[in-house]
Amino acid sequence: MQNRTIPFPTDIAFYIGPSINAVIRVGTQEQKKSVFYGLINPNDLVQSTESGAKLGEKEIAKKQAVRICRNAKQRQKNLVDKAMDKLEAKIFKRDLLENQILLIPVEDGDNIPPEITGLIATKISSKYHHPTLIVRESSTEEMLKGSGRIENNSALSSFKQYLNEIEKNSFAEGHDSAFGFGIKKDQVENFIDKTNEDLKDINFDSKYYRADYVFNADESSLPHVIYAMR
């Protein structure tokens with residue numbers, strides 16, 4: 001395989017980006033500083049943070065950054081796996097899959113860091129195909145707050161917009177399919193009833209693909225197709 005020093009877009013998207021993201025989510029402030037220092041001054045010698053390193057022992061900044069990222073990615077995976085076990089137990093114990101929108105509460109005893117809420121919501125929505133909201137009590141308001149996620153190619157083209165249109169006692173802010181969410185605690189039951197009624201005819205196990213035009217087998221005229229798309 002040919003060696004290359006310039007990363008491809010896929011390297012950024014699937015390896016470098018997620019690794020840095022893991023440090024931001026679960027790393028300490030010092031680890032974050034070390035990673036960004038390694039990005040800016042990759043060849044500098046810095047104090048080693050390897051296990052057992054002595055004061056004055058040096059290592060190359062970029063190698064330190066890579067190790068920190070790798071360790072953070074593994075630590076994040078362990079946290080997410082443990083959180084998935086706890087939340088999946090709730091899903092089945094409380095029959096939450098009977099609802100069209102999977103709203104899962106996180107309690108203090110679950111010991112799930114808020115920094116990984118979005119990651120867990122993504123994994124659950126991908127596994128069970130329901131639009132997913134993972135929420136926890138706010139310490140300052142009578143609200144439940146957390147993250148919302150939905151799979152690509154869902155019947156809901158904008159999960160965020162749907163939530164903002166149907167519920168005045170909640171908010172959804174962010175991207176169409178990945179956003180922060182909040183709802184008043186005393187409105188959760190009404191929210192579940194309304195969304196179950198609204199979405200009762202949708203099978204979220206099915207994929208929806210939006211197209212500009214659908215070709216028939218006997219169509220061969222490109223001008224005709226272009227005209228139909230206007």
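Note on numbering: residues in each chain are counted from 1, in written sequence order. Two thresholds apply to this predicted model, a pLDDT of at least 70 for residue-level local features and 80 or more for giving and counting side-chain atom pairs, whereas whole-chain, interface and lining totals are computed over all residues. Values reported for side chains reflect all heavy atoms of the structure, with hydrogen atoms and water molecules removed beforehand.

Colleague: Could you clarify how one ought to interpret the confidence of the model for the protein chain in this entry?
Modeller: On a range of 0 to 100, pLDDT expresses the predictor's confidence in each residue. Averaged over the protein chain, the pLDDT score is 90; the fraction of residues at 70 or greater is 93%. Under the DSSP-based scheme used, a helix requires at least four consecutive residues in state H or I and a strand at least two consecutive residues in state E, with every element numbered from the N terminus. Looking at the elements of the protein chain, mean pLDDT is at its lowest for helix α7 (residues 222-229), recorded as 53, and at its highest for helix α2 (residues 29-40), recorded as 97.

Colleague: So what exactly am I meant to see when it comes to a nonpolar patch on the surface here?
Modeller: Exposure above 30% relative accessible area and the absence of a salt bridge qualify a residue for a patch, where like charges join within 9 Å and nonpolar side chains (Val, Leu, Ile, Met, Phe, Trp, Tyr) within 5 Å. Surface accessibility follows the Shrake-Rupley procedure with a 1.4 Å probe radius. Residue values consider only the protein chains on display as shielding. Here a salt bridge means any side-chain nitrogen of Lys or Arg lying within 4 Å of a carboxyl oxygen belonging to Asp or Glu. Among the surface-exposed residues, Ile12, Phe14, Tyr15 and Ile16 lie close enough to one another that they form a single nonpolar patch of about 440 Å² accessible area. When its relative accessible area of 40% is taken as the criterion, Ile12 is described as partly exposed. Think of it in three bands: residues with accessible area under 20% of the maximum for their type are buried, residues over 50% are exposed, and the middle band is partly exposed, with areas taken using a 1.4 Å probe on protein chains only.

Colleague: Even after reading the chapter, I still don't get the packing of aromatic side chains, so can you show me in this structure?
Modeller: Two aromatic rings are characterised by how far apart their centres lie and by the angle between their planes. In this analysis, rings of Phe, Tyr and Trp, with Trp reduced to its six-membered ring, are considered paired at centre separations within 6.5 Å, and the interplanar angle assigns stacked below 30 degrees, edge-to-face beyond 60, and tilted for intermediate values. A complete count under the given rule lists 3 aromatic pairs for this structure. Plain terms: the ring middles of Phe159 and Phe179 are 5.3 Å apart, the flat faces sit at 65° to each other, and that makes the pair edge-to-face. Placement of Phe159 in helix α5 (residues 159-166) and of Phe179 in strand β7 (residues 178-184) is noted, with a sequence separation of 20 residues between them. Taken individually, Phe159 and Phe179 each receive the classification buried, so the pair is uniform in this respect.

Colleague: Sorry, what's going on with α5 here?
Modeller: Because an α-helix completes one turn every 3.6 residues, residues spaced three or four positions apart along the sequence face the same direction. Where α5 is concerned, the buried positions are Phe159, Lys160, Tyr162, Leu163 and Ile166. Each buried residue of α5 lies within a common arc of 165° when the element is viewed along its axis, so the set occupies one face. Whether two residues touch is decided by their heavy atoms; if any such pair falls within 4.5 Å, the residues are in contact. Buried positions along α5 lie against β4 (132-137), β5 (143-149), β6 (170-174), β7 and α6 (188-198). The arc refers to the directions leading from the helix axis to the C-beta atoms.

Colleague: Explain the nonpolar core here, please?
Modeller: The nonpolar side chains of soluble globular proteins are, as a tendency, buried together. The set of buried Ala, Val, Leu, Ile, Met, Phe, Trp, Tyr and Cys residues whose side-chain atoms join them within 4.5 Å is what this entry labels a nonpolar core. Judged by nonpolar contacts, the single largest core of 25 residues is most densely connected at Leu87, Ile104, Ile120, Ile124 and Ile134. For this core, the elements supplying multiple residues, two or more each, are α1 (9-26), α3 (61-93), β3 (102-106) and α4 (117-128). A per-element tally of this core places α3 first, with 9 residues. Excluding residues that lie within four positions of it along the chain, Ile120 makes contacts with Ala83, Met84, Leu87, Ile112 and Ile134.

Colleague: So what exactly am I meant to see when it comes to the environment of Lys194 here?
Modeller: Its location among the elements puts Lys194 in helix α6. For Lys194, a relative accessible area of 36% translates into the label partly exposed.

Colleague: Please explain α2 as it appears in this structure.
Modeller: Helix span, as expected, comes to 1.5 Å for every residue beyond the first. In this model α2 runs 17 Å from its N-terminal to its C-terminal C-alpha over 12 residues, within 8% of the 16 Å that 1.5 Å per residue would give. Along α2, the residues that are buried comprise Ser34, Val35 and Gly38. For α2, the angular spread of buried residues about the axis comes to 95°, placing them on one side. Turned more than 90 degrees off the buried face of α2, the exposed positions are Gln29, Leu39 and Ile40. On its buried side, α2 packs onto α1 and α3.

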